[in-house]
Amino acid sequence: MPMPWFLLSLALGRSPVVLSLERLEGLQDAARCSPGLSCHLWDGDVVCLPGSIVSAPGPVLVPTSLQTELVRRCYQETDCDLCVRVAVHLAVHGHWEKPEDEEKLGRAADPEPEEPRNASLQAQVVLSFQAYPTARCVLLEVQVPAALVQPGQSVGSVVFDCFEAALGTEVQIWSYTQPRYQKELNLTRQLPDCRGLEVQDSIQSCRALPWLSVTADGDNVHLVLDVSEEQSFGLSLYWNQVQGPVKPWWHRNLAWPLEPDSVRTSICPFTEDPRAHRNLWRAARLQLLPPRGWRLDAPCSLHAQATLCWQAPSRGPCQPLVPPLPRENVTVNMALEFPLLKGHPNLCVQVSSWEKMQLQLQECLWADSLGPLKDDMLLVEAGGPQDNRSFCALEPSGCTPLLSRASTRAARLGEQLLQDLHSGQCLQLWDDDLGALWACPMDKYIHQRWVLVWLACLLFAAALFLLFLLKKDHVKGWLRLLKEDIRAGAAATGRAALLLYSADDAGFERLVGALASALCQVPLRVAVDLWSRRELSAQGPLAWFHAQRRRTVQEGGLVVLIFSPGAVALCHEWLQDAGPAPGAHGPHDAFAASLSCVLPDFLQGRAPGRYVGAYFDGLLHADAVPALFRAVPVFSLPSQLPAFLGSLQGPRGPRPGRLGERAEQVARALQPALDSCLRTPGTAGMGRGMGPEAGDRT
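Remember, it's a predicted structure, so these values are computed and weren't measured experimentally.

J.: Describe in detail the nonpolar core, supporting the description with residues and values.
T.: The biggest cluster of nonpolar side chains holds 39 residues, and the ones touching the most others in it are Leu66, Val84, Val86, Val88, Leu127 and Phe129. Elements with a minimum of two residues in this core: strand 5 (60-76), strand 6 (79-93), strand 7 (121-131), strand 8 (134-144), strand 9 (154-164), strand 10 (170-177) and strand 11 (185-190). Residue contributions to this core peak at seven residues, all from strand 6. In this view, Val88 contacts Pro63, Ser65, Leu66, Val125, Leu127, Gly156, Ser157, Val158 and Ser175; residues no more than four positions away in its chain are not counted. Among the nonpolar cores identified, the runner-up in size contains 34 residues, and Tyr501, Val522, Leu524 and Ala663 belong to it.

Next up, the structure:
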């Protein structure tokens, strides 16, 4: 079953190693000692009462370390339980006390060394074992012969077999003596589950669960279960978030039922997977805390280190301040603070991963309160013998020693920076016995450089002004030409025009085509269905008009409604009958399709500023245009071409004289096509028939 990669990559961890376990027969606990020692296991468990620490009267036995080993306690050939064997290492602690009279008289009368007063030692060693739901305490008596008693020396170990525990649980073991002469030893171990053992067949509980495998395919994770018919189980996905000191089991049990006899196995296969670590870093956030604190928020613990770095305004890489400042290990979700004297906007916190992937988070300190990055130079002061302190400036190429011959800005301004430092113009950010950090402002040196630049600009402007006075007439002509070129360029990239017309006949289509071609020379960006027949066939007239109208309006252009007798008739159909009959017009008639969108604009008052109207002289009377469409300017062509072109080009169009020239060019381009339409039989009569009474019907 595929699942999101991020969920499982954070929830699951590594697989345990496979272990081979020794086999123990019988139910009885047992104890054995190192050679030379004698030991005895008390019958039954005892009460765990460590008591308080007391002073040793002389040499005593104390536990020094604990070791564990997993074994099998078997009742039959295929019926075994997991068991924990514990070894306690012992040593002699303390010395013999001298009698008071010997301390007063001394040993001057008897120069021969006295034999040490050795004696055998005996101790009661307690082992406390806890693993939910089991808690046990056993008592071991250990005796050490006098020959092995040497203060401070190890005497051997005692081994206890064994504490039974459930698979996959966490066990805690303590050891101390009665009475207690030192702090008790403790040990915590995570036991493997069935997958980590070579004896699955001999441990009955391992046969109660299915085998689970996990594979990754891109961003998906697949869980594969090998289930037999007699198995009954539950599957849980959980977030294994354990961090900091050891917590009681009930704080970490996020998925399993609490029944003591439930058999469990778990798998965490993505602990070492680089993709899982990248997902975790994407979920982490570096948060700044006032006044100079910070915190790394993450859903799980991260192996990362943090340090301060210096971010230059050039936006290059942030340069770590190590040394002199040390790197610190990061504890997620905990507020931290660097030991700074002062804050600076160029100081940033940089958190880097330990892994080879070099994942990194960075936030600049206190940018909201201290403002933007400054062009300051960071000086690193390093201590030396007899107050022989050296200075270097942190630059992208490294820390450049001041007063050096390097070709860097810090080296060129080395003497000035030292003078600024000694005169108190630099801000001390950090200080200790190893060195210090100083931030020196560079504004005044940048201002000196800009003074020369401004002086050169002023000299250049003065030279231009002198040239203007000497060549006044030539300059005026050049400026006039430049102004015309600018206006022409603005027009070339100026307004768009969408032409809508009714295809009454082939001659009228040629007339509209001539108008569109002439408007392109004005120049305008013209869209007309005559030039988009392939798009009309693919999209349909209505979809094509929607796209062209939206683009024209968004670019601040105009939609031009070209009225003809056929267009007027279509408008009357829409206004009287709420639309024409389907299939009444050709497949490429964009005008008929567009009326469903054009009429609402006019009826709702959105047409002014978006639409203009036009008709051709001799083909239609002015009063034939329906009254609804006279809410926008309607022009007669070619008699009103200057006003028509001025409306299309808008306020940034050419001056009136140039506009008249362009109107004459358009009129010459239109006249042959218009004459052809007027000579067509029936066309002139059709124009006269659409008189004032036709327009009044709306």
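J.: Quick one: what's the story with the state of the cysteines, residue by residue and with numbers?
T.: On inspection of all chains with the given rule, the structure shows seven disulfides. Bridging Cys33 to Cys39, the disulfide has an S-S length of 1.9 Å. Covalently, Cys83 is tied to Cys162 through a disulfide, its sulfur atoms 1.9 Å apart. With the S-S dihedral at roughly 100 degrees, the linkage between Cys83 and Cys162 falls on the right-handed side. Within this pair, whereas Cys83 is found in strand 6, its partner Cys162 is found in strand 9, the two being separated by 79 residues in sequence. As far as burial versus exposure is concerned, Cys83 and Cys162 are alike and both buried.

J.: Go over the sheet that holds strand 14 (residues 285-289) with me, naming the residues and quoting the values.
T.: On the basis of which strands lie adjacent, the open sheet formed by three strands has the order 14-15-19 and antiparallel pairing. Both outer strands of the open sheet, strand 14 and strand 19 (336-337), are each paired with one neighbouring strand and no more. In terms of strand pairing, strand 15 (residues 293-297) meets strand 19 through two bridges, oriented antiparallel. Directly across from Trp294, in strand 19, lies its bridge partner Leu336.

J.: Describe the sheet that holds strand 25 (residues 427-432), listing the residues and the values that go with them.
T.: Taking strand neighbours across the sheet as the criterion, the five strands line up as 24-23-22-26-25 in an open arrangement whose pairing is antiparallel. Two strands close off the open sheet at either side, each with one partner strand: strand 24 (398-401) and strand 25. The mean inter-strand angle of the sheet, taken between neighbouring strand axes irrespective of direction, is 25 degrees. Where strand 22 (residues 376-382) and strand 23 (residues 390-395) come together, four bridges link them in antiparallel fashion. Bridge pairing in strand 23 places Ala382 opposite Ser390. Here helix 6 (residues 414-422) sits on the sheet in contact with strand 22, strand 23 and strand 26 (435-441), set at roughly 75 degrees to strand 22.

J.: I'd like to hear about unusual backbone geometry, residue by residue, with values.
T.: Each neighbour pair has its own omega, and for Asp161 with Cys162 the value is -15 degrees, a cis peptide bond. Here the amide bond leading from Leu637 into Pro638 is cis, since omega sits at 5 degrees, within 30 degrees of zero. Within the secondary structure, Pro638 sits in the loop between strand 31 (634-637) and helix 14 (641-649). For Asn333, which is not glycine, the phi dihedral falls at a positive 60 degrees. As for its position among the elements, Asn333 is in the loop between strand 18 (328-329) and strand 19. Given a relative accessible area of 40%, Asn333 falls into the partly exposed group.

J.: Got a sec to walk through the pattern of salt bridges? Specific residues and values, please.
T.: Scanning all chains against the criterion turns up 15 salt bridges. Across the pair Glu184 and Arg180 runs a salt bridge, and its minimum N-O distance is 2.8 Å. Here Glu184 falls in the partly exposed class, since its relative accessible area comes to 24%. When the shortest N-O distance is used, the salt bridge between Asp297 and Arg295 registers 2.7 Å. Note on Arg295: relative accessible area 22%, which makes it partly exposed. Within the structure, one salt-bridge network assembled from shared partners comprises Glu22, Arg32, Glu69, Arg85 and Asp161.

J.: I'd like to hear about the packing of helix 11 (residues 541-554) against helix 13 (residues 590-603), residue by residue, with values.
T.: Where helix 11 contacts helix 13, the two axes come as close as 8 Å, and the packing angle between them is 50 degrees. In this view, helix 11 runs oblique relative to helix 13, as classed from their interaxial angle. In this structure, helix 11 crosses over helix 13, and the sense of that crossing is right-handed. Residues Pro541, Leu542, Trp544, Phe545, His546 and Arg549 of helix 11 form the contact with helix 13, whose own contacting residues are Ala590, Ala593, Ser594, Ser596, Cys597, Val598 and Asp601. Among the residues making up the contact of helix 11 with helix 13, the classes are represented as eight nonpolar, three polar and two charged.

J.: Now, about a nonpolar patch on the surface: what can you tell me, with residues and values included?
T.: On the surface, Leu225, Val227, Phe233 and Leu235 cluster together into a nonpolar patch covering about 290 Å² of accessible area. Among the secondary structure elements, Phe233 is positioned in the loop between strand 13 (220-226) and helix 3 (274-283). By relative accessible area, Phe233 is classed as partly exposed at 32%.

J.: Tell me about the environment of Leu379, residues and numbers included.
T.: Inspection of the secondary structure puts Leu379 in strand 22. Leu379 sits in the buried class, given a relative accessible area of 0%. It is 8.8 Å that separates the C-alpha atoms of Leu379 and Leu417, two residues lying 38 residues apart in sequence. Residues in contact with Leu379, not counting those within four places in the same chain, are Cys392, Ala393, Leu402, Leu417, Leu421, Ala436, Leu437, Trp438 and Cys440.

Conventions and cut-offs
- Residues numbered from 1 in each chain as written.
- Predicted model: local features only at pLDDT ≥ 70, side-chain atom pairs only at ≥ 80, totals over all residues.
- Heavy atoms only, no water.
- Core = buried A, V, L, I, M, F, W, Y, C linked by side-chain atoms within 4.5 Å.
- Buried < 20%, exposed > 50% of the residue type's maximum accessible area, 1.4 Å probe, protein only.
- Helix = DSSP H or I, 4+ residues; strand = E, 2+ residues; numbered from the N terminus.
- Contact = heavy atoms within 4.5 Å.
- Disulfide = S-S within 2.5 Å.
- Pairing = 2+ DSSP bridges.
- Axes fitted to C-alpha atoms, helices over the stretch in contact; angles between N-to-C directions.
- Salt bridge = Lys/Arg side-chain N within 4 Å of Asp/Glu carboxyl O.
- Parallel < 35°, antiparallel > 145°, perpendicular 65-115°, else oblique.
- Left-handed = near helix turned anticlockwise from the far one by under 90°.
- Nonpolar A, V, L, I, M, F, W, Y, C, P; charged D, E, K, R; others polar.
- Patch = residues over 30% accessible without salt bridge, like charges linked within 9 Å, V, L, I, M, F, W, Y side chains within 5 Å.
- Areas by Shrake-Rupley, 256 points an atom, 1.4 Å probe, with all protein chains shown as cover.

Without other data, these values stay purely geometric and don't point to any function.
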